[in-house]
Amino acid sequence: MQQSYDAIIIGGGHNGLTCAAYLAKGGEKDGKNKLKVLVLERREKVGGAAMSEEKYPGFIYSTCSYVCSLLRPEIFRFLDLPKHGLQVIPYDINSAPNPEGEGIIYYNDHDRTRESLRRHSIRDAEAYDEYAMEISRHCRFIKRTLLMTPPDPTQLNPFAQNRINPWGHREDLDGLLRIGREFGRLGERHMYDMIRFWSMSVADFLDQYFETPRWKGLAAASSIIGTALGPYSPGTAYVLLHHYMGEVDGQIGAWGFARGGMGSVSKAIAAAATEAGVEIRTNAEVEKVIVRGGKAVGVALKSGEEIYAKSIVSNADPKRTYLKLIDKGDLDAIDPDIHRYASNYKIRGSSGKLNIALDGLPEFAGLGKEAAYGTIDIGGDFDYIERAFDDYKYGGWSKRPFLDCVIPTTVDPTMSPPGKHFMSVFVQYVPYQLAEGPWTPEMKAQYEKDVLDTIELHAPGFRKLVLHVQCRTPWDIENEVGMTEGNIFHGELTLDQLLFNRPFPGMGQYRGPFDNFYMCGSGTHPGGGVMGAPGANASHEILKDFSRGVVQ
Amino acid sequence: MTAPMNQADGIVIGAGHNGLVTAAYLAKAGLKVTVLEAAPQVGGAAVTREFAPGYKVSGVAHLLHGLHPTIARDLDLARHGLDLKAQRIATRSLLPGGRGFNLDPASIATISRSDADAYPAVMARLTRMADALAAYALQTPPRPDVMKMDWQGKLNLGRFAWGLRRLGRKDLLELTRILTMNVNDLANDYFESEAVRGLLCFEGVLGLALGPRSPSTVFNLLYRLSSMGANGPSSNGLGGFLLPKGGMGTVTQALAKAAQAAGATIRTEAAVDHILIEADAAAGVVLSTGEEVRAPRVVSNADPQRTALQLIGPRNLDTMFVSRIRHMRMNGCAAKIHLALDGLPDSLANARGRIVVAPKPDDIERAYDCAKYGRVSDRPALEVTIPSLGDPSLAPAGKHVASIVAQYCPHKLHDTSVDAARRQIGERTLSTLEEVAPGLQQRVTAMEVLTPHDIEAQFGMTGGQWHHGEITLDQVLFLRPAGQAQDYRMPVPGVYLCGAGAHPGGNVSGAAGYNAAREILKDARAQKRVVGAA
């Protein structure tokens, strides 16, 4: 069994590619031990859920993820992605149409937003200052934890030696102290607010500040996108941050379109990786991880080919990794709980996607033309979203869904013929399986109709513009991209599955249960979104183990 | 030393169980304490009252599962007529079609073999975690800024942390995982049968305006388990309920006797209008009659909103604190229903225990969905006791009383009048009961329905929330009632909070009153003033 590689990465998603590039470069600090890395991708091209495809002649769709913001600037710089052709065009507007009156517009510019709120409620406009301050406080705190390996609170004995730390275990204590110091800087009053914030429902949180129902609905949107929770569920306030902590060229909280669709993000990272010497093989589906004597030693491809390496890294989500790629026997030999953790892991498909080719630019009720240049959130007040959630709870799609729409072609001419447009519609909530059973073509058609009707309601005359619709349920997304239940975050972003508990208790530090086995996907800290942080963090732990001779 | 009648060292507003506990401890320490109660009898929400001629029942709280042994011992409640060993009752879940099961492996086996096998281990694990958390019940909550705590606080926190660590790595990690989870997922993790999951979910949502799928409901489950831990480790999880002979009134009666024995004065029908504040400090209270009772320290057993917004008054508080208190979630969702029965259907003939009607998690979830939008549940989830079976003195010979908690009947109603809500929850409770206990309906001779609005009006609890604020992660420990007020001291010097709105919260545990007394005495000693009197 000859090991032709230092590391094999299962899955060429953006995290897998980021991890590969970091490993091949030997980490930021000193490129001492550069690794020989092979990336195995099941599909004919890399990118996973950050993908551009021509599904209708002349139109490039961002088939899954559709906007760019969370990608950590550190990674952006280290891999020099602009050089590899990634260009992110920031946009400024996030708006909510209103069939009954004037819509709500949110700008990146704080003062413009306050002014636009003033049109609806003086009180809200004034509260917006306080609100923005609190949010940015939370973001500043969270951000510092993104690019660190989450410390394990049960491993605080600095002298406890183990295989990974033969000279005593310090990282966890240090990490916890580091977080503690950050926390200390907040000052006591803000400490209370933050701890409260982490366990609150977004509805309670926003009710403290605002009164205009539609504005509260718009503000709540980012805390339910991709999660199987409603605005009244405790713990949703935190998810709010997950969509506030991004930035585009240094502009905090800004969102942007990747020129050429989200595929160009993956393309750029892949280019950076290849340049660093990473070998990428597509059409190479991994069937099993080969485990011998409690060590991961290689992978077996569907084709029957076996490839061996010093370390195996999975970019797949935790359920797929531990229930499909690894034999139960191998897990139970280590610890029977792992299989239970994996089967209990919450990874719920809750969102679908419609990719639409348009003959022209739609106009939205209660909004000016400018709205089309940013995100359009079609929804309403808390109850609207909560009712959409209720439909989902009992195994149906939302009859009146919440929709997060963007039209990237308004700023990116490369994605559609002149004068025509591509519109990406993110649909919340759509179940992976219906109460009646699996999706049937008829139900899918009905679901598509409900979505289009909802848009028509908020953008009169929309239907006449539609040239082609690619309609996707979580089930479709799982089968195409391989994400279990089509969950965009590789697992719910609830507190019980964050930090050192992501993906499972005791396995939150990118290391799998076996020697030489690692995880680098969104199913690890800090979680989902096209962020790259999990991949980068994982690479640090892997390189650490290599330099310590844990991996031979 | 003699002082005028309306002069005391300390005033306790409200003779609920926590107020009485505080009063007793303060009096034991030698303070001259006056307890002022608006109602004609003491006890607050833990009273025994006659709702129909000859039929008596526990007012709001109808089960005892938290009264802390330390308090019972300190105040020698046994001598004052409380028999804590009496009537330990078990829980039984009734399913449609007259089926049902008790909360013990043998009986669960009739529903599901594998659940019966899983149950003991799961309950033991949950109880272990709950007990580790319960270690903080008789402590003043820490401050997140640990450096600012005194050495005792640090010591307690250290002890607590060590207790958690002693759970072992696996349990501690599991605790961090489940603490914020929703009880429905927890039930799915551990059990297969809907009946058992339904029961577990009910225990997780009781007393909350949340459903089984709402995160933070597992915490409520652990919270309730922890209070049962107080009945001794043998409380085998959810079997640790007590049904006091003579109703909950006997508990508060015993507390009142203990307080009076210690020297406290209790005045009933003395409603406090507001707290008298002179020179930015408490000076006493003014009764609704206009009478003044003066004391350097005033302890409120009322809920935080009533205490801050009515008794103290916003003008004496900073806006931040006021808005925090205003936004405390106090949406009572449980109605209390009392039935006078001229007999029992066979299915309930010897139902001495606690009966839960929550056949499926989704039944509870749907019941909650109604409440979410301000409507009364179509099929409420129920907790039923028939105390007259164990204690005939509560009803005329051969007759019975049933005491029912029905969820959900929200205090925040949308386009439903309170009267309509009262009628609806009554009818729907009876029809739901009829499904599991056929023949009950025509046995009903009289019925009393207390909606959260009625509970608010009759027992003075804002929102009819009987925990004085929901027990959710964002409203416990140092966030209860609000940050920087978690040490039982209100922002006005000399004003304290001793009710369930303070840590550790609801249930008839007396822990809040116990902790408040400790802090008050700490201040008193610091002020030296009372040392002479003591």
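What counts and how
- Residues numbered from 1 in each chain as written.
- Chains lettered and ligands numbered in written order.
- Predicted model: local features only at pLDDT ≥ 70, side-chain atom pairs only at ≥ 80, totals over all residues.
- Helix = DSSP H or I, 4+ residues; strand = E, 2+ residues; numbered from the N terminus.
- Rg over C-alpha atoms; globule rule 2.2 N^0.38 Å.
- Buried ≥ 20, exposed ≤ 12 C-beta atoms within 10 Å, placed from the backbone.
- Contact = placed C-beta atoms within 7 Å.
- Arc of directions from axis to C-beta.
- Pairing = 2+ DSSP bridges.
- Axes fitted to C-alpha atoms, helices over the stretch in contact; angles between N-to-C directions.
- Nonpolar A, V, L, I, M, F, W, Y, C, P; charged D, E, K, R; others polar.
- Core = buried A, V, L, I, M, F, W, Y, C linked by C-beta atoms within 7 Å.
- Parallel < 35°, antiparallel > 145°, perpendicular 65-115°, else oblique.
- Left-handed = near helix turned anticlockwise from the far one by under 90°.
- Expected span 1.5 Å × (residues − 1).
- pLDDT = per-residue confidence, 0-100.

Caption draft 1: How the structure looks around the overall build of chain A. Across its full length, chain A carries 17 helices and 20 strands. Taking 2.2 N^0.38 as the reference for a compact globule, 552 residues should give roughly 24 Å; the C-alpha atoms of chain A span a radius of gyration of 23 Å, in line with that estimate. By its C-alpha atoms, chain A is 70 × 55 × 50 Å across when sized along the principal axes. Expressed as a percentage of its 552 residues, the buried residues of chain A come to 55%. When contacts within chain A are restricted to residue pairs at least 6 apart in sequence, those whose partners lie at least 24 apart make up 73%.

Caption draft 2: Geometry of the overall build of chain B. Along the backbone of chain B there are 16 helices and 19 strands. For 534 residues, the compact-globule formula gives about 24 Å, and the C-alpha radius of gyration of chain B, at 23 Å, lands near that figure. Projecting the C-alpha coordinates of chain B onto the three principal axes gives extents of approximately 65 × 55 × 50 Å. For chain B, the residues scored as buried account for 59% of the 534 residues in total. Taking contacts inside chain B between residues at least 6 apart in sequence as the whole, the part at least 24 apart equals 74%.

Caption draft 3: Just the interface of chain A and chain B, in detail. With 28 residues of chain A at the interface, the matching set in chain B holds 32 residues. If you tally residues by element for the side of chain A that touches chain B, the top one is helix α6 (residues 188-199) of chain A, at 7 residues.

Caption draft 4: Summary view of the environment of Leu 403 of chain A. Tracing the sequence through the fold places Leu 403 of chain A in strand β17 (residues 402-406). Sequence-wise, Leu 403 of chain A and Leu 38 of chain A are 365 residues apart; in three dimensions their C-alpha atoms are separated by 39 Å.

Caption draft 5: Seen up close, helix α15 (residues 452-459) of chain B. All names here are of chain B. Taken together, the buried positions of α15 are Pro 452, His 453, Ile 455, Glu 456 and Phe 459. Buried residues in α15, looked at end-on, bunch into an arc of 165°, giving them a common side. Elements in contact with the buried residues of α15: β14 (334-341), α14 (418-436) and β18 (444-450). Among the residues trailing α15, Gly 460 stands out with phi positive, at a value near 70°.

Caption draft 6: A look at the sheet that holds strand β7 (residues 104-107) of chain A. Residue and element names in this part refer to chain A. Spatial ordering of the open sheet is given by β7-β6-β16-β17-β18-β15-β19, a layout of 7 strands whose pairing is mixed. The two strands at the open ends of the sheet, each matched to only one other strand, are β7 and β19 (466-472). Between one strand axis and the next, the sheet turns through 20° on average, direction left out of account. Sheet analysis places strand β16 (residues 375-378) next to β17, joined by 3 bridges and oriented antiparallel. Looking at β17, one finds that Ile 378 is bridged to Leu 403.

Caption draft 7: Quick peek at the environment of Ala 282 of chain B. Residue and element names in this part refer to chain B. Tracing the chain through its elements places Ala 282 in strand β11 (residues 281-287). Given 24 C-beta atoms within a 10 Å radius, Ala 282 is considered buried. Expressed as a C-alpha distance, the spacing of Ala 282 and Ala 258, which sit 24 residues apart in the sequence, is 27 Å. Excluding anything up to four places from it in sequence, Ala 282 contacts Ile 275, Ile 277, Pro 296, Arg 297, Val 298, Val 492, Pro 493, Gly 494 and Val 495.

Caption draft 8: Molecular detail of the packing of helix α8 (residues 213-224) of chain A against helix α14 (residues 382-393) of chain A. Residues and elements named next belong to chain A. Orientation of α8 relative to α14, taken along the N-to-C sense of each, is 35°, at an axis distance of 9 Å. Here Lys 216, Gly 217, Ala 220 and Ile 224 of α8 come into contact with α14, specifically with Phe 382, Tyr 384 and Ile 385. Each residue belonging to the contact of α8 with α14 can be placed in one class, and the counts come to 5 nonpolar, 1 polar and 1 charged.

Caption draft 9: Main features of the nonpolar core. Ala 24, Leu 255 and Ala 259 of chain B are the most contacted members of the largest nonpolar core, which has 173 residues in total. In terms of residues, this core owes the most to one element, helix α4 (residues 113-134) of chain B, which gives 9 residues. Apart from the residues within four sequence positions on either side, Ala 259 of chain B is in contact with Leu 20, Ala 23, Ala 24, Ala 27, Val 35, Ala 264 and Ile 266 of chain B. Phe 364, Trp 397, Phe 402 and Ala 536 of chain A belong to the second largest nonpolar core, which has 160 residues in total.

Caption draft 10: Inspection of the sheet that holds strand β13 (residues 297-300) of chain B at higher detail. Residue and element names in this part refer to chain B. Spatially, 5 strands are ordered β9-β2-β1-β13-β19 in an open sheet, and the strand pairing comes out parallel. In the strand order of this sheet, the two ends are held by β9 (265-267) and β19 (495-497), each with one partner. Between one strand axis and the next, the sheet turns through 20° on average, direction left out of account. Here strand β1 (residues 10-13) runs beside β13; their pairing, made up of 4 bridges, is parallel.

Caption draft 11: Examining unusual backbone geometry more closely. In this model, Gln 428 of chain A is joined to Tyr 429 of chain A through a cis peptide bond whose omega is 10°. Along the chain, the position of Tyr 429 of chain A falls in the loop between β18 (421-428) and α15 (441-458). Between His 503 of chain B and Pro 504 of chain B the backbone carries a cis peptide bond, its omega angle lying at 0°. Here Pro 504 of chain B lies in the loop between β19 and α16 (511-526). Positioned with a positive phi, Tyr 510 of chain A is a non-glycine residue whose angle comes to about 70°. With respect to the element layout, Tyr 510 of chain A can be found in the loop between α16 (474-481) and β20 (517-519). With 25 C-beta atoms counted inside 10 Å, the residue Tyr 510 of chain A sits in the buried group. Not every positive phi belongs to a glycine, and Asp 415 of chain B is a case in point at roughly 30°. Mapped onto the secondary structure, Asp 415 of chain B falls in the loop between β17 (400-407) and α14.

Caption draft 12: Highlighting the packing of helix α11 (residues 318-325) of chain A against helix α13 (residues 336-344) of chain A. Residues and elements named next belong to chain A. Taken N-terminus to C-terminus, the directions of α11 and α13 make an angle of 130°; their axes are 9 Å apart at the nearest point. Classified by the angle their axes make, α11 and α13 are oblique. The two elements α11 and α13 cross, and the hand of that crossing is left-handed. Mapping the contact onto sequence places Pro 318, Lys 319, Tyr 322 and Leu 323 in α11 and Ile 338, His 339, Ala 342 and Ser 343 in α13. Among the residues forming the contact of α11 with α13, the class breakdown is 5 nonpolar, 2 polar and 1 charged.

Caption draft 13: Summary view of helix α8 (residues 194-205) of chain B. Residues and elements named next belong to chain B. Taking 1.5 Å per residue as the helical rise, α8 with its 12 residues ought to reach 16 Å, and the 16 Å between its terminal C-alpha atoms agrees with that figure. With 11 of its 12 residues buried, α8 lies for the most part within the structure. Of the positions making up α8, those classed as buried are Ala 195, Val 196, Arg 197, Gly 198, Leu 199, Leu 200, Cys 201, Phe 202, Glu 203, Gly 204 and Val 205. With its phi angle positive at about 90°, Gly 207 sits one or two positions after the end of α8.

Caption draft 14: Summary view of the confidence of the model for chain B. Residue and element names in this part refer to chain B. Across chain B, pLDDT averages 92, with 95% of residues at or above 70. Confidence drops under pLDDT 50 across residues 230-237; counting only partners more than four residues distant or on other chains, this segment forms 17 contacts. This complex was scored by the predictor with a pTM of 0.94 and an ipTM of 0.92.

Caption draft 15: Local environment of the pairing of strand β15 (residues 351-358) of chain A. Residue and element names in this part refer to chain A. With respect to burial, β15 is a largely interior element, 8 of its 8 residues being buried. Burial along β15 is two-sided: Ser 351, Lys 353, Asn 355 and Ala 357 and Gly 352, Leu 354, Ile 356 and Leu 358, pointing in opposite directions, are all buried. Across 8 bridges, β15 lies against β18 in antiparallel orientation. In the sheet register, Leu 354 faces β18, and the bridge partner there is Val 425. Where β15 and β19 come together, 6 bridges link them in antiparallel fashion.

Caption draft 16: Representation of the environment of Arg 348 of chain A within the structure. Residues and elements named next belong to chain A. On the secondary structure map, Arg 348 appears in the loop between α13 and β15. Since 21 C-beta atoms lie within 10 Å of it, Arg 348 is described here as buried. C-alpha of Arg 348 to C-alpha of Gly 532: the two residues are 184 residues apart in sequence and 21 Å apart in space.

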